[in-house]
Amino acid sequence: MQCSEEERFYMKCRAAYLSVFRSSLVNMTSKDHRNPSQKALDKYWPPGTKKLNFDDFCEILKKEKPAEPDQLMRIFKKFDVNCDGYISHEELSRILTTSGEKMSPKEVDEIFSLADINEDGKLDYAEFCRFLESTAEQCQTAALKKLEADAKLKRQNFGNQLDNSPQSSESQPELPASETAQNRFLFLHTTDSRSSSRPSSARSRRSSLSTVITMGAGSTKSGRLVEPKSLQDWHHTLLRGCFYLEEDGTIVSLQYRLVIPETTRDYLTIQPLNLSPIPVIFSCRHEMLCHCNCIKLLHFITVFLSCVINKQRFLWRGELSAGSYLLLPFTTGCRLMKRTRKTSTKTAQLVKRTQSEELELTKEFKMALSDIFEVIDLDGSGLLSLEEYNFFEQRTSGEKCDEDAWDICKENFDTKKNELTRQGFLELNLMEANDHEGDPGDLWLILEAMGYNHSLEMVEACPFFIEVYCEDANATLQAVHLDSGIKMLNSAVQRSITSKAEARSLKGHENVLIYTYKGESRISSVIANKSSQKITVHINNEQNKNCVSSRGLSVFAVEVPARTKMVCQHVKALNDQQEWTYNCVETIIPSL
């Protein structure tokens, strides 16, 4: 597909931006990026400016015309006192270190090391101008090729990955070695003094859709479902679990198999599991999807939509016929994403030496291990079965413990009824420390997999428990998979949103629909791409008030394949007791 001049300009802007930043969604937070001139700072970074985004960058490039070779030649000729096409190192150094945007002697030396081709202490400025022009073209070509060829870089550019890692040189376009030294000199340009001091948004050049929804204080209401008076007499089963935030931003948890032997009234709940040392954990609300293998997906969605909130507990009440059901725990992850940003940087000590030089676990580490034991003790019996322990092993190492290895554990660590006690679990981790002579490296890998940071705060995990009450049947509940179930889950959430929300198309793109669903406690959106080509939609939440997105970013982008629907985001209030506003702008990004 042929690109317009404006789309080519936008593509070049992205390539240039990505030669400095890891993503076009990263803001400029320092006015010193790439050594701008003081005149440019006065114009585009006035007092009070905290950041510039990619759209601002595009607007600046529209206004700031690059210097032409003829302009540079005229400037050099003014300082060529002998009119012989050369400027001495001494004269150039005096000019550049005392006039205009003053350079340091080191920067002048770098320019000369590149431009003094004959090594005679003189600058052939005609050759230097050609060199600058050629290098600028090489930089642009290299950046564009890198952008088009590197799929990972494209994904970061489009914001699909919630990548908070530091900027890596491996993700940058390979530019000519001379680019850095010339940076200050390449900033020579002509300006329009009538331009405003702060760039306006560049989004007007693309097709956008804006949605504004204001939710009142206390919008997270208690559910209307009343607990049956005879509930305590119903058959009851319970299992624990945990949501884990992965590096790519996805959330995984156990899945559960519910087997009901006969048709009966049922009452299902999911709620946070209280772990007293870390009260912050309970800021994450959960929801539950229920799917019946032998019934169409529509039943799966109906159950999801019938769930209501009762404080921090989600409830479902209804009648289920005999069969096997798959329960998929679901959380928007909004508050979980937010919490990961407010953590301590202090590194806790895991093991220490006693006076007799023996290793022991620190008190803080024992507390964390005790909480982990509570999470993986799925039935709450106070003991770990081989099955429960293997879910832990699968999460932390990707492997499983076989019967022979389990027998060895029972021989060496404290057990009861052939299951591992809490003390035995601590002993097992102490053995791990001894095997590595006190090196905590592997212990930290276990903790990180379980959602802990290096201050022993559980910031990337949310424990929960599920309860099932059946009036006339004794149901069984079993943990079956440690998986995100992402395909099935996304399909259910998409259908639940699109069945309740009104579709709005983006201007000029009738085949791109945005569904925005307003629930009691959250706002969710789905992007439907009915066209025959992949699209990329830029999402801007910067005008939101008192709310947080499940994406963990205020600005991101979503790639939607042809003829596909995709969950865009979930948004919830930061403070339920205050009014909050969802103000989202969706914009089509031109294709490369």
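What counts, and at which threshold
- Numbering of residues starts from 1 in each chain and follows the order in which that chain's sequence is written.
- Only residues with pLDDT of at least 70 are given local features in this predicted model, and only at 80 or more are side-chain atom pairs given and counted; all residues enter the totals for whole chains, interfaces and linings.
- Water and hydrogen atoms were dropped before computing side-chain values, which therefore reflect all heavy atoms in the structure.
- UniProt positions are given in the numbering used here, feature names are shortened, and annotations may be inferred rather than shown by experiment.
- Per the convention used, a helix needs a DSSP run of H or I reaching at least four residues, while a strand needs a run of E reaching at least two, with both numbered from the N terminus.
- We call a residue buried when its accessible area falls under 20% of the maximum for its residue type, exposed when it is over 50%, and partly exposed in between, using a 1.4 Å probe and counting protein chains only.
- Should any heavy atoms of two residues lie within 4.5 Å, those residues are considered in contact.
- Throughout, the Shrake-Rupley method with a 1.4 Å probe supplies accessible areas, and for residues the shown protein chains are the sole cover considered.
- Patch membership needs two things, relative accessible area over 30% and no salt bridge, and members are linked within 9 Å if like-charged or within 5 Å if nonpolar (Val, Leu, Ile, Met, Phe, Trp, Tyr).
- Salt bridge, as used here, is a side-chain nitrogen of Lys or Arg placed within 4 Å of a carboxyl oxygen of Asp or Glu.
- Charge convention: Lys and Arg are scored as positive, Asp and Glu as negative, and His as well as the terminal groups of each chain are ignored.
- Where a charge sits is defined by one atom per residue type, namely NZ (Lys), CZ (Arg), CG (Asp) or CD (Glu).
- When DSSP finds at least two bridges between two strands, those strands are taken to pair.
- Lines fitted to C-alpha atoms define the axes here, with helix axes fitted over just the stretch in contact, and angles between the N-to-C directions of these axes take values from 0 to 180 degrees.
- Here a polar contact is taken to be a pair of N or O atoms separated by no more than 3.5 Å, where protein atoms must pair a possible hydrogen donor with a possible acceptor and residues adjacent in sequence count only if both atoms sit in side chains.
- Two rings from Phe, Tyr or Trp (for Trp, the six-membered ring) form a pair when their centres sit within 6.5 Å of each other. Planes less than 30 degrees apart are called stacked, planes more than 60 degrees apart edge-to-face, and all others tilted.
- The rule for a disulfide is simple: a pair of cysteine sulfur atoms within 2.5 Å.
- Note on angle classes: values under 35 degrees are labelled roughly parallel, values over 145 roughly antiparallel, values of 65 to 115 roughly perpendicular, and the remainder oblique.
- Gly is placed with the polar residues, together with every amino acid not listed as nonpolar (Ala, Val, Leu, Ile, Met, Phe, Trp, Tyr, Cys and Pro) or charged (Asp, Glu, Lys and Arg).

For the protein chain, an unreviewed UniProt entry supplies the name Phosphoglucomutase 1 and the organism Cyprinus carpio. On record in UniProt, under Subcellular location (unreviewed entry), the comment for the protein chain is "Membrane".

Participant: Which parts of the structure should I look at to understand the overall build of the protein chain?
Facilitator: Counting secondary structure elements, the protein chain contains 17 helices and 26 strands. In the protein chain, which comprises 592 residues, the proportion classed as buried is 50%. Within the protein chain, contacts between residues separated by at least 24 positions form 75% of all contacts whose residues are at least 6 apart in sequence. Carbon and sulfur atoms make up 47% of the accessible area of the protein chain, which totals about 29,400 Å².

Participant: Is there a simple way to explain a negative patch on the surface in this structure?
Facilitator: Taken together, the side chains of E247, D248, E448 and E460 present a region of like negative charge at the surface. Considering the arrangement of structural elements, one finds E460 in the loop between α16 (441–449) and β17 (461–470). Classification of E460 as partly exposed rests on a relative accessible area of 31%.

Participant: Before we go on, may I ask you to explain the sheet that holds strand β22 (residues 535–540) in this structure?
Facilitator: Either a parallel or an antiparallel arrangement is found when strands of a sheet pair, and the pairing is made through backbone hydrogen bonds. Spatial strand order, β5-β26-β22-β24: four strands in an open sheet with antiparallel pairing. For this open sheet the edge positions go to β5 (208–215) and β24 (555–560), each flanked by a neighbour on one side alone. Going across the sheet, the axis of each strand differs from the next one's by a mean of 20 degrees, ignoring polarity.

Participant: Help me understand the sheet that holds strand β23 (residues 547–549) in this model?
Facilitator: One open sheet accounts for five strands, arranged β19-β20-β21-β25-β23; its pairing is antiparallel. A single partner strand is all that each edge strand has here, and the edge strands are β19 (503–506) and β23. Across the sheet, the mean angle from the axis of one strand to that of its neighbour is 25 degrees, orientation sign disregarded. Note that β23 and strand β25 (residues 564–573) share three bridges and pair antiparallel. Bridge pairing links V548 to K572 in β25.

Participant: Help me understand the environment of V351 in this model?
Facilitator: Tracing the sequence through the fold places V351 in strand β13 (residues 351–353). The spacing of V351 and L443 is 92 residues in sequence and 9.7 Å in space, taken between C-alpha atoms.

Participant: Teacher, can you tell me more about the environment of R240 here?
Facilitator: Looking at the secondary structure, you find R240 in strand β6 (residues 235–245). For R240, a relative accessible area of 13% puts it in the buried group. Along the backbone, R240 and L378 are 138 residues apart, and their C-alpha atoms lie at a distance of 4.5 Å. When near neighbours in sequence (up to four residues on either side) are disregarded, R240 contacts L254, Y256, L273, E374, V375, D377, L378, G380, F464 and F465. Of the polar contacts made by the side chain of R240, one reaches the backbone oxygen of E374; its length is 2.8 Å.

Participant: What is the right way to look at the packing of aromatic side chains in this model?
Facilitator: How two aromatic rings sit relative to each other is given by the distance of their centres and the angle of their planes. Under the counting rule described, the total for this entry stands at seven aromatic pairs. A ring pair is formed by F373 and F425, whose centres lie 5.9 Å apart and whose planes are at 55 degrees; its orientation type is tilted. In this pair, F373 sits in helix α12 (residues 363–376) while F425 sits in helix α15 (residues 422–435), placing the two residues 52 residues apart along the sequence. Just as F373 is buried, F425 falls in that class too. Taken together, F373, Y389, F392, W406 and F425 form an aromatic cluster joined through their ring pairs.

Participant: Help me out: how do you make sense of unusual backbone geometry in this one?
Facilitator: Backbone phi values are negative for most residues with the exception of glycine, while trans is the configuration of most peptide bonds. Of note, the phi angle at E357 is positive, near 70 degrees, even though the residue is not glycine. Structurally, E357 is set in the loop between β13 and β14 (359–361). With a phi angle near 60 degrees, L456 is a residue other than glycine that sits in the positive phi range.

Participant: I tried to follow the state of the cysteines on my own but got confused; where do I start?
Facilitator: Here, disulfide denotes a covalent bond that connects the sulfur atoms of two cysteines. In the structure shown here, the tally under the stated rule is zero disulfides. Distance from the sulfur of C547, which forms no disulfide, to the nearest cysteine sulfur (C334) is 9.0 Å. What makes C547 buried here is its relative accessible area of 13%.

Participant: Is there a simple way to think about the packing of α15 against α16 in this case?
Facilitator: Two quantities define a packed helix pair, namely the angle between the helix axes and the distance between the axes. Running from N to C, α15 and α16 cross one another at 140 degrees; their axes reach a closest spacing of 8 Å. By the criterion of interaxial angle, the relationship of α15 to α16 is oblique. In contact with N429, E432 and A433 of α15, α16 contributes D442, L443 and I446. Split by residue class, the contact of α15 with α16 holds three nonpolar, one polar and two charged.

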